[in-house]
Each structure stands twice: as structure tokens, then as C-alpha cells.
Amino acid sequence: MRLIPTPAPARRRILAALTATATLATAALTGPARAAQPPTHPAQVNAAQVNAAQASTAKAGAGQALAAEAQAAQAQAAPVPCPRPKVKPPKGRPARPTPPKDDPVLRAVGGDALATDGLIIPRGAPSPPALTATSWLVADLDTGEVLGGCGPHVYGTPASVQKLLLVATVIDKLDPKQVATITDGDLAIEPYSSAVGLLKGGKYPVSTLWLGLLLNSGNDAANTLARLGGGRGGLPATVAAMNAEAKRLGAYQTHAATPSGLDGPGQFTSAYDLALIARQCFAKPDFRKYALTERAQIPAQKKLKKGGFQIQNENKLIYNYPGALGGKTGFTKLARHSYVGGAERNGRRLVATVLGAEAAPLRGWQQGAALLDWGFSLPKDASVGKLVEPDSPDAHGTATDASAAPAPAAKDERPAATAVRAATNRGVSIGLAATMAVLLAGAPLLLLLTQRRRRRLRRRTTVPHEAELRVPR
């Protein structure tokens, strides 16, 4: 009989379904006094339990080993609440938009430990700051190691941090010295939304448009840059290219409906995806230069008889945080506050991403700064997962065409529903041993479930990684 490998999320579901059967087997093998105990609290899931599970395999047989593994898996699957301040949500806050259906494979991109709605931090790490953000992530820009997160793959609405995906997609396509003439379509933005103040018929260098986009979060600048970057296809072509770029980067939960981040149907991202996108942006010299610019001059339009004016960078991190590299702020009533910020300290560059935050008691950039402080306090080898690499050769391994895409797309731009797992915990070997024991015992339910899973998912690529614990310390 051939063993069919099963991934950690599927193994947990299988083991949970068989807990009752395992309990009976344990009782039969070891007597009533040794029957399975209630599920362990997440704070008690540690290396000692893993060792105990291994020892039980040798002492009490397959039934007891399966019960122990099931208990540990259930405890690990229970989300640990993220630290949050005790503040009331503001009145009139819109209901959170309904996200796409979760795909368990896409939730595990970067490592199985990241597939949680709760907190995931390294063993022994200090507790992260209490934030109002619904999800966040801290990662190393250079090594790609994920230092910790809260619901890293939970869908969120991006607001203007979506502009970073526009940067990643278009900045290398446009000559900074190119001069653009503003059209009616460029100025078609939501009333009272952020704008640079571009004028119809005005002429502006592309470099000025990038400054207007990143300093002043100009939605008019976003439309113009998207139009220019799309060539003959204009803005729609750029939006399609943004979605293609997201998939190339491994940001499978990101879907752009607008180039600016103004709310649109089916527009979502995740804290993990934002880190992938930000990493791509920070690798570009022009972005780093623009993001650290404190103020810029918007040129006068003499033919339109309009004078020039100055804009300032709205990202207060660059004024208040030593070693700041810049980033992007965002806000809509629907998305609430979002933020991406990077900083360097002692040769180490980190990025923090924040979604769904409120402005009190800490503003978005302050929440990002608090996360950066926490990240810099961790040792350099601390990690709970990995930022996948763009164009990864392993990007064809885990999801099938039936996997849920973040939003419907046109036939000619349907993203490949693929994902990679660059890091997993070391509990895989225990799970495989328990699975083999049940197979040898002839458990038909396990065979049925694994065969169904095999049809749904193709091969999987896993890399052993340091064990993590979803518990604040």
C-alpha cells in the first residue's frame, strides 16, 4: 500500500475528524485510566508535547499516538488572539466587505505557520505591541524572513497602499523625464478623495507625478501614471498588469480594481502580500528616493495661468523614526487605515505592513513604527515563515484551477491559482507517522480523505524550518 502525503492543514482536519476513533483506540489499548484527555490549551503546545507524542507511539501503539497528534493539531489550529488596546470602534464605521472564500493553500503561502487568523511569533519572542490593526506582518526586506504577524493571510481592503503595487508594476516602464498632459480621465476620481491638484491640460514630468503619488497620495497622479503605463490599453491595461504582477510576486490574495486603491469591487490584499509588494518597491532606487523626499514643488502651469505649489510627505515615519526608509499611508472609510513602512538599523532592513487600523490611540504610521521596534528587538535568525521570491520555480506546486481567486477576472487575465510553501514546522514527520499507523490499521476514512485531497492538490514543496509557537511571550 502506498502512502499518500498530506499537507499540514489537511492532516489537521483528518486528525480532528478521527479524534473520537483515536480516543476509543487509546482506551482499548491502555485502559480507562489512560484515555485521551481534553484538548491542550495553545500556550501548552511546545517541543515537549511533540516529544511526548513520539514516545506515545512507541509505548501505546498507533491509537494513542493518533490521539496525541490530534490534540496537538487542534490546539495549534486554535487562533491565539492578537494584542489589542481596549478602545471602542468609531461610530459610523462601515461593515467590513465580504472577502473571497478562504483557500487553505493560499493561506499557507510562505509557511504553514502563517495560516492563522491569530498571532504567530517566534518561540521566546516578547509580546508584540497592542494595535487596532485587524492584521499585520513584520519581515526582513533582505533575507525575506517573516518575523511575526497577526492574521498574515487574512483578506483586507488596501486603500492607498495599493499604490505600491502600481509602483512595482509601472515605475520601470516610464521615463522620469517624460512629460504627461493631463486629461479628463486622469481627474475622474472620487469626490473629496486625496489628490495632488493636477490641472486638465497641465504638463507635468513623470518624476513629479511619482512624487505626487507617494508624498500626497494623489489619486489623480495614480490615474495618470496608470494611463501612461498601459500604453494603448491605458488605465485598464495597467490594472490588469498590476494583477499579473501580484501573481508573479506570489501575492495570490491581492486583486486590484483601481490603480489608486480607491475602493472597488473585489479589491483585497493581505498583510503578507503587502510585504511581498513592498519588498519589490524597496528594491527600486527611484522608489527609495521618492519615498524619502520630504517636500516637492508642483510646477506652475503658465498657459493655464496657474501658479505652482509645494506638497509635503504625509508619511510621518520619515520625520520621526531613525533609519526610516519610507513607505505609504492609506485610508478610506471602508478600508480604515492601512500602512506600509520600512526602516534600517545596524545594517538590518525591516518592513511592517498594517491593515484595518484605527487612528487612536496610535495612528497608522505609529503602529508601523511600534512593529518595527518590536522586529528590531528580535534576533536576526528569528523567523516564522518566508517571503516567497518573485518568479519562483516552485510557483506551480500547490493549488489547482479550482482554488478560489481573490476576485473574478477576464478570461485573458485569469491568474494561475498557484502557491508555494517556503517554510513549515517540524511536525510533519509526526503527522506522517500517525497517518501511516492508521493506514496500516486499515482506517477507510483516512484513505478516502487523502485520496480526495490528492485530486484537489498537486505536488507540494516544503522546506523544514525552525518550529514556531503562536503564543505571545
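Residues numbered from 1 in each chain as written. Predicted model: local features only at pLDDT ≥ 70, side-chain atom pairs only at ≥ 80, totals over all residues. Heavy atoms only, no water.

## Notes on the overall build of the chain
Here is step 1: The helix and strand inventory of the chain stands at 14 helices and 11 strands.
Here is step 2: Counting every position in the chain, which comprises 473 residues, the buried fraction comes to 55%.
Here is step 3: Contacts in the chain between residues far apart in sequence, at least 24 positions, make up 74% of those at least 6 positions apart.
Here is step 4: For the chain, the exposed surface amounts to about 20,600 Å²; the carbon and sulfur share of it is 57%. (Helix = DSSP H or I, 4+ residues; strand = E, 2+ residues; numbered from the N terminus. Buried < 20%, exposed > 50% of the residue type's maximum accessible area, 1.4 Å probe, protein only. Contact = heavy atoms within 4.5 Å. Areas by Shrake-Rupley, 256 points an atom, 1.4 Å probe, with all protein chains shown as cover.)

## Some words on helix H12 (residues 364–376)
Here is step 1: In this model H12 runs 19 Å from its N-terminal to its C-terminal C-alpha over 13 residues, within 8% of the 18 Å that 1.5 Å per residue would give.
Here is step 2: Of all 13 residues making up H12, 11 are buried, and the element is well covered by its neighbours.
Here is step 3: The set of residues buried in H12 consists of Gly364, Trp365, Gln367, Gly368, Ala369, Ala370, Leu371, Leu372, Trp374, Gly375 and Phe376.
Here is step 4: Looking at the buried side of H12, the elements it contacts are strand S2 (135–140), strand S3 (145–150), helix H11 (317–320), strand S9 (336–345) and strand S10 (348–357). (Expected span 1.5 Å × (residues − 1).)

## Quick look at the side chain of His153
Here is step 1: Note that His153 resides in the loop between S3 and helix H5 (163–170).
Here is step 2: Judged by its relative accessible area of 1%, His153 is buried.
Here is step 3: A polar contact of 2.8 Å, which involves the side chain of His153, links it to the backbone oxygen of Val109.
Here is step 4: Aside from chain neighbours lying at most four places away, what touches His153 is Leu106, Arg107, Ala108, Val109, Leu114, Gln253, Ser270 and Tyr272. (Polar contact = N/O pair within 3.5 Å; in protein donor to acceptor, adjacent residues only side chain to side chain.)

## Details of the pairing of S2
Here is step 1: Within S2, 6 of the 6 residues are buried, leaving the element largely enclosed by the surrounding structure.
Here is step 2: Burial of S2 is two-sided: the residues Ser135, Leu137 and Ala139 facing one way and the residues Trp136, Val138 and Asp140 facing the other way are all buried.
Here is step 3: Two elements, S2 and S10, share 6 bridges in a ladder whose sense is antiparallel. Along S10, the bridge assignment pairs Ala139 with Val351. (Pairing = 2+ DSSP bridges.)

## Describing the nonpolar core
Here is step 1: Judged by nonpolar contacts, the single largest core of 63 residues is most densely connected at Trp210, Leu213, Tyr272 and Phe287.
Here is step 2: It is helix H9 (residues 271–282) that provides the largest number of residues to this core, a total of 9 residues.
Here is step 3: What Phe287 contacts, discounting residues up to four positions off in sequence, is Leu164, Val167, Ile171, Leu214, Cys281 and Phe282.
Here is step 4: In this structure, Leu317, Ala357, Ala369 and Leu372 belong to the second largest nonpolar core, which totals 28 residues. (Core = buried A, V, L, I, M, F, W, Y, C linked by side-chain atoms within 4.5 Å.)

## Digging into the environment of Ile182
Here is step 1: Here Ile182 shows up in the loop between strand S4 (179–181) and strand S5 (203–205).
Here is step 2: Since its relative accessible area comes to 3%, Ile182 is described here as buried.
Here is step 3: Here the alpha-carbon distance between Ile182 and Gly202, two residues 20 residues apart in the chain, equals 5.5 Å.
Here is step 4: Once residues within four sequence positions are removed from consideration, Ile182 is found in contact with Leu187, Leu198, Leu199, Lys200, Gly201, Gly202, Tyr204 and Thr224.

## Observations concerning the confidence of the model for the chain
Here is step 1: Per-chain confidence: the chain averages 77 in pLDDT, with 67% of residues scoring 70 or above.
Here is step 2: The low-confidence segment residues 9–75 (pLDDT under 50) makes 87 contacts with residues lying over four places distant or belonging to another chain.
Here is step 3: Every residue in residues 395–473 scores below 50 in pLDDT, and together they form 190 contacts with partners more than four places removed in sequence or on other chains. (pLDDT = per-residue confidence, 0-100.)

## Here we look at the pattern of salt bridges
Here is step 1: Evaluated as defined, the whole model comprises 15 salt bridges.
Here is step 2: Between Arg93 and Glu358 there is a salt bridge, with its nearest N and O atoms 3.1 Å apart. Highlighted residues: Arg93 in the loop between helix H4 (62–77) and strand S1 (119–120) and Glu358 in the loop between S10 and H12, separated in sequence by 265 residues.
Here is step 3: Since its relative accessible area comes to 10%, Glu358 is described here as buried.
Here is step 4: Note that Asp172 and Lys284 form a salt bridge whose closest N and O atoms lie 2.6 Å from each other. In this pair, Asp172 sits in the loop between H5 and S4 while Lys284 sits in the loop between H9 and helix H10 (285–291), placing the two residues 112 residues apart along the sequence.
Here is step 5: Take Asp172: its relative accessible area is 61%, and that puts it in the exposed class.
Here is step 6: Of the residues examined, Lys284 reaches a relative accessible area of 10% and is grouped as buried.
Here is step 7: The network of salt bridges with shared partners includes Arg93, Arg336 and Glu358. (Salt bridge = Lys/Arg side-chain N within 4 Å of Asp/Glu carboxyl O.)

## Some remarks on helix H8 (residues 234–249)
Here is step 1: In a regular helix each residue adds 1.5 Å, so 16 residues correspond to 22 Å; H8 covers 23 Å between its end C-alpha atoms and thus fits that length.
Here is step 2: Of all the positions in H8, only Gly234, Thr238, Val239, Met242, Asn243, Glu245, Ala246, Lys247 and Leu249 are classed as buried.
Here is step 3: Along its buried surface, H8 packs onto H5, helix H7 (219–229) and H9.
Here is step 4: Downstream of H8 by a residue or two, Gly250 has a phi angle that is positive, lying close to 95°.

## Structural notes on the packing of aromatic side chains
Aromatic rings considered in pairs are described by the distance between their centres and by the relative angle of their planes.
Here is step 1: Scanning the entire structure with this criterion turns up 3 aromatic pairs.
Here is step 2: Aromatic side chains Trp136 and Trp374 sit 6.0 Å apart centroid to centroid with 75° between the ring planes, which places their arrangement in the edge-to-face category. With Trp136 in strand S2 and Trp374 in helix H12, the pair connects residues that are 238 residues apart, well separated along the chain.
Here is step 3: Judged by relative accessible area, which is 1%, Trp136 ranks as buried.
Here is step 4: Their ring planes at 75° and their centres at 5.9 Å tell us that Tyr155 and Phe268 sit as a pair that is edge-to-face. On the criterion of sequence distance, the pair formed by Tyr155 in the loop between S3 and H5 and Phe268 in the loop between H8 and H9 is long-range, its members being 113 residues apart. Of the two residues, Tyr155 and Phe268, neither departs from the other in class, the shared state being buried. (Phe/Tyr/Trp six-rings, centres within 6.5 Å; stacked < 30°, edge-to-face > 60°.)

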